[in-house]
Structure formats: C-alpha cells, structure tokens
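Okay, here's what each chain looks like letter by letter:
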Amino acid sequence: MTVTEVDVVVVGAGAAGMACAIHAARGGAKVLLVDKDRRLGGTLHLSGGHLAAGGTPQQAALGIEDSPEAHLEDVRRISRGSAREDLVGTVTAHAPGTIAWLADAGFNFSPETPRIVYGHEPYRTARTYYGVDEGMSILTVLEAELEATQAEADLEVWLGAAVVDLVEGADGIAGVHLDRSGKDEQVRARAVVLATGGYGADPELFTEMHGAPLVSAAAKTSTGDGIHLGMSVGAALQGEGTYLPTFGGLPDPVSPGRANWNDRQRLTSERPPWEIYVDRDGKRWIAEDEESIDEKERALVGVGDQTFWTVFDDAALAQATGDLQIVVGKEPDEVRAMANTRPGVHSAATIGELAAKAGIDPAGLEAEVASYNAAVAAGVDEKFGRVHLPAPIAAGPFYAIRNHAITLVTFVGLDIDADCGVRAEDGSTISGLYAVGEVIGAGATCGNSFCSGMLLTPALTLGRLLGARLASQVAAPVTA
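Residues numbered from 1 in each chain as written. Predicted model: local features only at pLDDT ≥ 70, side-chain atom pairs only at ≥ 80, totals over all residues. Heavy atoms only, no water.

(A) Layout of the overall build of the chain. Scanning the chain from terminus to terminus reveals 14 helices and 18 strands. Relative to a compact globule of 480 residues, whose C-alpha radius of gyration would be 23 Å, the chain shows 24 Å and is just as compact. Counting across all 480 residues of the chain, residues that qualify as buried make up 57%. In the chain, the share of contacts with a sequence separation of at least 24, taken over all contacts with a separation of at least 6, comes to 71%. Just so you have it, the chain exposes about 18,300 Å², and 50% of that area is on carbon and sulfur atoms. For the chain, the separation between the mean place of its 36 positive charges and that of its 65 negative charges on side chains is 2 Å. (Helix = DSSP H or I, 4+ residues; strand = E, 2+ residues; numbered from the N terminus. Rg over C-alpha atoms; globule rule 2.2 N^0.38 Å. Buried < 20%, exposed > 50% of the residue type's maximum accessible area, 1.4 Å probe, protein only. Contact = heavy atoms within 4.5 Å. Areas by Shrake-Rupley, 256 points an atom, 1.4 Å probe, with all protein chains shown as cover. Lys, Arg positive; Asp, Glu negative; His and termini not counted. Charge placed at Lys NZ, Arg CZ, Asp CG, Glu CD.)

(B) Highlighting the state of the cysteines. Going through the model one piece at a time under the given rule, you end up with 0 disulfides. Free cysteine: C20, not disulfide-bonded; nearest cysteine sulfur from C420 at 8.3 Å. C446 supplies the cysteine sulfur nearest to C451, a cysteine that is in no disulfide, at a spacing of 4.7 Å. With a relative accessible area of 5%, C451 lands in the buried category. (Disulfide = S-S within 2.5 Å.)

(C) Seen up close, the side chain of K296. The topology assignment puts K296 in helix α8 (residues 293-300). For the buried residue K296, which engages in no salt bridge, the nearest side chain bearing the opposite charge is D289, 7.1 Å off. Looking at K296, its side chain comes within polar contact range of the main-chain oxygen of E290, at 3.3 Å. Filtering out sequence-adjacent residues up to four positions away, K296 remains in contact with F247, T268, Y277, W285, I286, A287, E288 and E290. (Salt bridge = Lys/Arg side-chain N within 4 Å of Asp/Glu carboxyl O. Polar contact = N/O pair within 3.5 Å; in protein donor to acceptor, adjacent residues only side chain to side chain.)

(D) Here's a closer look at the environment of G396. Take G396: it is sitting in the loop between α12 (362-378) and β15 (398-406). When the C-alpha atoms of G396 and R258 are compared, they prove to be 30 Å apart, with 138 residues separating the residues in sequence.

(E) Just the packing of aromatic side chains, in detail. Going through the model one piece at a time under the given rule, you end up with 13 aromatic pairs. Between Y199 and F206, the aromatic rings sit 6.3 Å apart at their centres with planes inclined by 50°, giving tilted as the arrangement. Ring centres 5.8 Å apart and planes at 80° place the aromatic pair F206 and Y243 in the edge-to-face group. Of this pair, F206 sits in helix α6 (residues 203-210) while Y243 sits in the loop between β9 (237-238) and β10 (246-251); the two residues are 37 residues apart in sequence, bridging distant segments of the chain. On the accessibility criterion, F206 (1% relative accessible area) is buried. An aromatic cluster is defined as three or more aromatic residues linked by ring pairs; in this entry it consists of Y199, F206, Y243, F411 and F450. The side chain of R127 reaches across the aromatic face of Y123, ending 4.8 Å from its centre. The side chain of R180 reaches across the aromatic face of W158, ending 3.9 Å from its centre. (Phe/Tyr/Trp six-rings, centres within 6.5 Å; stacked < 30°, edge-to-face > 60°. Lys NZ or Arg CZ within 6 Å of the ring centre and 35° of its normal.)

(F) Structural context of the pattern of salt bridges. Evaluated as defined, the whole model comprises 24 salt bridges. The shortest N-O distance in the salt bridge between R271 and E275 comes to 2.7 Å. With its nearest N and O atoms 3.7 Å apart, the salt bridge here joins R280 to D305. Pair noted here: R280 is in the loop between β12 (276-278) and α8 and D305 is in the loop between α8 and β13 (307-313), with a separation of 25 residues, a long-range link. Judged by its relative accessible area of 46%, D305 falls in the partly exposed class. Each of D66, D74, R77, R124 and R127 takes part in one network of salt bridges that share partners.

(G) Up close: the side chain of T310. Tracing the backbone shows T310 in strand β13. Since its relative accessible area comes to 1%, T310 is described here as buried. Within the local environment of T310, its side chain forms a polar contact with the side chain of Q265, the two groups lying 3.1 Å apart. One polar contact links T310 to N403, side chain to side chain, over a distance of 3.3 Å. Other than its neighbours up to four places away in sequence, T310 contacts Q265, E275, I276, Y277, Y399, A400, I401 and N403.

See below:
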C-alpha cells in the first residue's frame, strides 16, 4: 500500500471542497484534494448557482440598502427559526467576502443580479446573485483558482479516487484509505475534511432518513459517502426532522426513480392555473392558485408517496402557450404528442378512462372533477378557497401528467460545531475530522425551508473559512 503524507486531505471536489483546498494551500498547508468522480465540480454541473449576501458593493451600486444582519433576519423568517443560528450567523457575516472573492477572480455575474428570486419563499430584499452560466460560472472561477493555487502552493488533486475508510489514530482521525483507479492507497493527514455532498442519489439512505420514496434530480455521485464515513467513526447527525421536496417534476423517460427537471411544469405562481392537482385517490389537496411555493411544498410532503397528477382538458391546453405553458418549453401540440408515449403523460376521451390509464382511482377522479366544475359554476371553491376558476374541465380529450416531489438537495447531514469540526453522539468533537457543504445537510443553513442562496453560499463561505483556519493549525509535521 502506498502511503502519502499531507497536512490536509479534502474529500470531495465540489464547491465546498475546492474552496477549502484552495484557501488551505494558500495559507501554507500541504493539501490533497480527492474526488471519486473523473471531473471537478460536483453538483455545480446541475446547480442554478444561486448565492446570497447582504451589504455588497453590487447592491450599493443599485441603491439597495442591505446588511448581513438583515440577511440573517430574513433567513430566520423564511426558515421559521429552524436553521442553525451559529452557522447562519457566520455565513451571513462572511457572505459579502465570498461575493468579493468571486468578483475579484473574474466571476461573470448575470446582469439582472442582485435580484429577488421567487422560486421559493422570497427574501424581502434583492440579494441573490448568480452567473450567466449558472453553476458553471462558479466552476469556471474555481477551476482557474485551483490551477493558480497548484502553480503557487502545495496542492495536489486526485480524481477517480474514492475514499473507502477513515484512518483512526490515537487522538482522532489521522487520514483516509482510498481506491485510486483500482489501487489501494493511504493518505495520512492532520486534518480530514469531508465535502462529499448529499445523499440525493441513495434511495436506501433517503428512505431511512425521510420515510419517503426518492425521486431524484440530484447528481448521480451524491450517494451519501461522507455521511457513511462519518457515522462509521461515531459521528452524530443534524437536521433530522427537516425536509422539503422541490415541487413537482416529470418522471425521466429513461431512468426510473429520477425526474427530469428540464421538463418541469411551470409553477402556478408564474401563470394562472386552469388545471387541478389530485392524489392517487383522485382528490385535490391544495388550492392550485396558491402563490407560495413554500406552502405547496409543505402540503406535498403529506400527499401519499409524494406523487400527484395535474389534470386538465384540451381547452386548458390550447391556451397554454408562451409564458402560459403548462410544461416549460412545450407548446400545446408538443404536449399532445407526449401523451400516451412518454411515461407519466396520459390522455383519454373521458375522465374515467384517463384515471385508469394514469393509475388514479376512476370514481374518485370523476367525483372530484364534477365537484371542481360545480365550484367553477358557482364561482366559489369551498374546499380550498381557490380564487382563479377560469373554466370547467369539460372539453375532451383530457390529460393527466404524473408529478413527484423531487430531490435536488438533502437536509440531514453530519453534525458540526461552529468551526466545522464533526461532532460525535455525545457532543464532543472528533479530533481531526471536519465537514463542509451539503454533507452537513441543508437543514443546517436553511432549516425546514429553502432559503435562496443558502446552500451554495455556506458551502463556499464555510469552505473558505475552514481552509484558512486549518492552514494556521497544521504547522507541526504529520506523525504516525
């Protein structure tokens, strides 16, 4: 077995891991960055790349008054106080520095930012930023920073290197065992940083954590590796009891258990709805014109198998063009062509036939459509208080599109202290072991909610801070 000695080994070359490795190496540490994938970036390849910071020069230039304190207060409001106050306080205080770091490194901000984003419960102030190429804009900067750091400092990168075990020493974690392209290697280190992402591609772990089936749009490498590694040495978890799905994605036509986010239905906060949402029994479960996606996501958690169908008729489809499209990027004839050919998209001449094709209880759906049509005729939806009641569902053919609560990020993760040290079940810190990024769980920085930019911003910010802090702590040589 080959043995390599470094000061810091960072496991996972996504946003958090790259930021941590860069700052640790620039601070004078000998650093090894490893990833099981053959490419850098992790979930940045899929991410919208949203960042959030209050009190930045970009805001000041637009006359936007904001501050880290206001940002913190908004996170408290949106998360309903369920996020980690200590971690969120650190992130919001240092987030402007993260934005400045990216800007100094040539980050290509999208010109409409900073702005308020309405995909989830919005901030009160325009403080969300992203690049012209979404997550890839951040990866472009990080790759350039990584390359420059490799030229100037002691930083090595191993791709295709999967960590299989943590090495335990007399005083804590002393390194990692890994499989590097089929070769067994050991890395001895004074600090091991887990930055391996979440578990959005691990159905078994997801079901164990949340008691729900996994329908994923997450990176296929997000298999909970860091959580499994941490738990193998007695690490505790945090974020248990916090979980929200992302609202509604069409099933992927090829891969079972995955959703195609690019074909998502347009949110009814973006367009007035003509359709209804029903569960497997054919029953509606929320006012479809509810503008708060947060409220819809919370309600969806309680729907059986977190699966629902969007039901509408051809008259509704005929008017669903341009910004009124039911499925993003699909004009009416394109949706018609998908029906009964693409999995989860169904069409039939009658409501009963539609229900049978879609896997909905026919009697239940027939009764619910009749009830909804009566509400349209009366102008009052007594069941859910829906206000927008444009037309009955009466002009066949009829359509049903199956939707699932989909997972992009995961909420449970390794418990850490305020300095990102991984904690054991008894609350003590496991010496030599640290964690940053999604491996600590979205619940730590978002609580039981989605807060704009509070996944990627903490990954970069805590990664930067941890890397610099570790560099100042690892001056002594590595010992066996």
